[in-house]
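# Observations on chain architecture
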Amino acid sequence: QVQLVESGGGLVQAGGSLRLSCVASGRTVSGYVLGWFRQAPGKEREFVALIWRSGNTYHADSVKGRFTISRDITKNMVYLQMNSLKPEDTAVYYCAADSGSVYTDPRGYAYWGQGTQVTVSS
């Protein structure tokens, strides 16, 4: 089992940057697929980015070129660097993990953090 805690959210102007962090405890992150998801008010939770056990990454088209997922195995951390933020990026961002073969469907992930709010003003 793994516990996840996100941090780094906040209020930023359009065009600005934020870096979200997620610390994992209980198990090493190298054994999990790690994902970032987001949920805006009234909308379903949507995929943002993931990093496989191999270290390869995949990003949603909506954030490709602006967001970057990474991990630090030594610190058991996963990060989401967000640049060129837009008002439509406003959402609660969640870190997720699973030891199975998961991809972009949030229903496949067993472990979730509590979320961190990101608000982008225009």
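Residues numbered from 1 in each chain as written. Predicted model: local features only at pLDDT ≥ 70, side-chain atom pairs only at ≥ 80, totals over all residues. Heavy atoms only, no water.

## Looking at the overall build of the protein
Summing up its helical and strand segments, the protein has zero helices and eleven strands in all. Put simply, the protein runs from its N terminus to its C terminus through helices and strands in the order β-β-β-β-β-β-β-β-β-β-β. Since a compact globule built from 122 residues should have a radius of gyration of about 14 Å, the 13 Å found for the protein is in line with a globular shape. Along the longest, intermediate and shortest principal axes, the C-alpha atoms of the protein span 40 × 30 × 25 Å. (Helix = DSSP H or I, 4+ residues; strand = E, 2+ residues; numbered from the N terminus. Rg over C-alpha atoms; globule rule 2.2 N^0.38 Å.)

## Overview of the sheet that holds strand E1 (residues 3-7)
The sheet built from four strands is open, its strands ordered E1-E3-E8-E7 with antiparallel pairing. Among the strands making up the open sheet, the edge pair consists of E1 and strand E7 (67-72). Within the sheet, the average angular offset between the axes of one strand and its neighbour, ignoring direction, is 15°. Across six bridges, E7 lies against strand E8 (residues 77-82) in antiparallel orientation. Counted as the bridge partner of Ser 70 is Tyr 79 from E8. (Pairing = 2+ DSSP bridges. Axes fitted to C-alpha atoms, helices over the stretch in contact; angles between N-to-C directions.)

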